[in-house]
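Structural description and commentary
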Amino acid sequence: MTSGKDNEYFTRHTNDKDGKSSESGKQFYMPDQDSIASELQEDQFAKETLERYTGCSVSDFGSNLMLTNFPAYVEFFAKEYDVEVKRGSMFTVAHSKELDISILDFRIGSPAAALVVDLCSFLPIRAAIFLGMCGGLRRRYKVGEYLMPVAAIRGEGTSDFYFPPKLPSLANFLMQKAVSEVLESEGDTYHVGICYTTNMRFWEFNKDFIEELKATKAQAIEMECATLFTASYKRKFTLGALLLISDLPLEHTGRKTKESSKFVFESYMSEHIEKGKKVLLKAREMQAKKVKGAYHRNQSLFKRPRS
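Remember, it's a predicted structure, so these values are computed and weren't measured experimentally. (Residues numbered from 1 in each chain as written. Predicted model: local features only at pLDDT ≥ 70, side-chain atom pairs only at ≥ 80, totals over all residues. Heavy atoms only, no water.)

1. Notes on the side chain of D247
Mapping D247 onto the fold places it in strand β12 (residues 239-247). Within the buried core, D247 has no salt-bridge partner, and the shortest N-O distance to an opposite charge, that of K256, equals 4.3 Å. A polar side-chain atom of D247 sits 2.9 Å from a polar atom in the side chain of S246. Not counting chain neighbours up to four residues away, the residues in contact with D247 comprise C134, G135, G136, V143, G254, R255 and K256. (Helix = DSSP H or I, 4+ residues; strand = E, 2+ residues; numbered from the N terminus. Buried < 20%, exposed > 50% of the residue type's maximum accessible area, 1.4 Å probe, protein only. Lys, Arg positive; Asp, Glu negative; His and termini not counted. Salt bridge = Lys/Arg side-chain N within 4 Å of Asp/Glu carboxyl O. Polar contact = N/O pair within 3.5 Å; in protein donor to acceptor, adjacent residues only side chain to side chain. Contact = heavy atoms within 4.5 Å.)

Below, the structure written as C-alpha cells:
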C-alpha cells in the first residue's frame, strides 16, 4: 500500500547492460486516489475534448453549425465574414457571432463523423447541416449539381456502434425540408435519393465492390452520411445534409483528379457554403414556427436570432 506522497510521483527504472534495475532519475506525475476518483462527467469530458480538438472555447460556438470535410470551406467562410480561423489538434473551425453560425471541418471518414456528432451534441446547437461532396452514380447527373440525401446505406460499419444494422439511417426531416425549400426557391438543379456510405476511399478499381454498389441502386457514394445520420438520431441532434456532386466515378472520364478537384472548389465552394447558410437560417425560421421534425431538445434551445 503506497502513501499519498508515494502516489504523487513515481521513478522510472531501466535495465542496465547487466540486466540489473537502475533508476533513470526521471520522475513522472501520477495522480493520487482522490484525483482518480473525481472522474469527469460525460458532458464535461465531451466539451473539454472539443476544446482541445478545435483550439477554442465551446462558448464560441453559435447555435447553428455547418459541418464539412474541407479546411478550405472554413477558410472561405472566415474570410467572407471577417472572422478568425481556429485550429486544434484535429478540427478547424470559425465562428460568426453576427450570423450565430459556426463552421467545423472534421476531416474525412466515418470515425471522425461519429466523433464530431458525439462531441457537438453536448452543445446548445439547434440545427446542423453537413456540406459534403459525393460521387454521382447516374449518367444524367452533372458535376456541380446538388444531391439531397434522405437516407444512407450503412456500408461503413461505424454506425453499428449506435444501432443494430437493420435500423435505417435517415436524415432529419426538418433539415431536409429546409434544404429542399432553399433549393426550390433558388431554382437549383438537385436530386433526391439515397447515398451509399463507405469507409473504402480507393474503391474505383475494385470490380466486386462496384457491382455491389450498382446493385444497391444508390444515387451517390460518399463516406460520412450514414454515420452522421445514425449518430445524430442516437444523440437527438438535429442534422441534415446538402451534398455537392463533385465527380461521376462510374464513368471512365468522370473520376476525380487533381485538376477536376481544383475546378470544383473554385467553381462551386462559395455557392455551397452560401446554400448551407441559407438552409440554417430557414431551419431557424421553421423551428421558431414549431414546424415538426426537429428534436424537442433542440426546439427548447430556440432563441431569437442575434441582431
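2. Things to note about the environment of E274
Note on placement: E274 falls in helix α9 (residues 258-288). For E274, a relative accessible area of 28% gives the class partly exposed. The spacing of E274 and F77 is 197 residues in sequence and 9.1 Å in space, taken between C-alpha atoms.

3. Concerning the pairing of strand β3 (residues 64-68)
For a regular strand, side chains alternate in direction, first toward one face of the sheet and then toward the other. Across the five residues that make up β3, a large majority, five, are buried. With burial as the criterion, each face of β3 is covered, one bearing N64, M66 and T68 and the other bearing L65 and L67. With five bridges connecting them, β3 and strand β6 (residues 101-105) associate as parallel partners. Along β6, the bridge assignment pairs M66 with I103. (Pairing = 2+ DSSP bridges.)

4. Some words on the layout of surface pockets
Gaps between atoms show up when a probe of the same size as a water molecule is rolled over them. Reported here for the largest pocket is a volume of approximately 340 Å³. What lines the largest pocket is a set of 21 residues, among which M133, R201, E222, M223 and K256 lie closest to the centre. Sorting the residues of the lining of the largest pocket by element identifies β7 (127-136), β11 (220-222), β12 and α9 as the ones contributing at least two each. Counting residues per element, the lining of the largest pocket draws most heavily on β7, at three residues. The class makeup of the residues in the lining of the largest pocket is ten nonpolar, five polar and six charged. (1 Å grid on protein atoms, 1.4 Å probe; cavity = no way out; pocket = protein on both sides within 12 Å on 5 of 7 lines; lining within 4 Å. Points joined across faces, edges and corners; volume = space filled by probe spheres on them. Nonpolar A, V, L, I, M, F, W, Y, C, P; charged D, E, K, R; others polar.)

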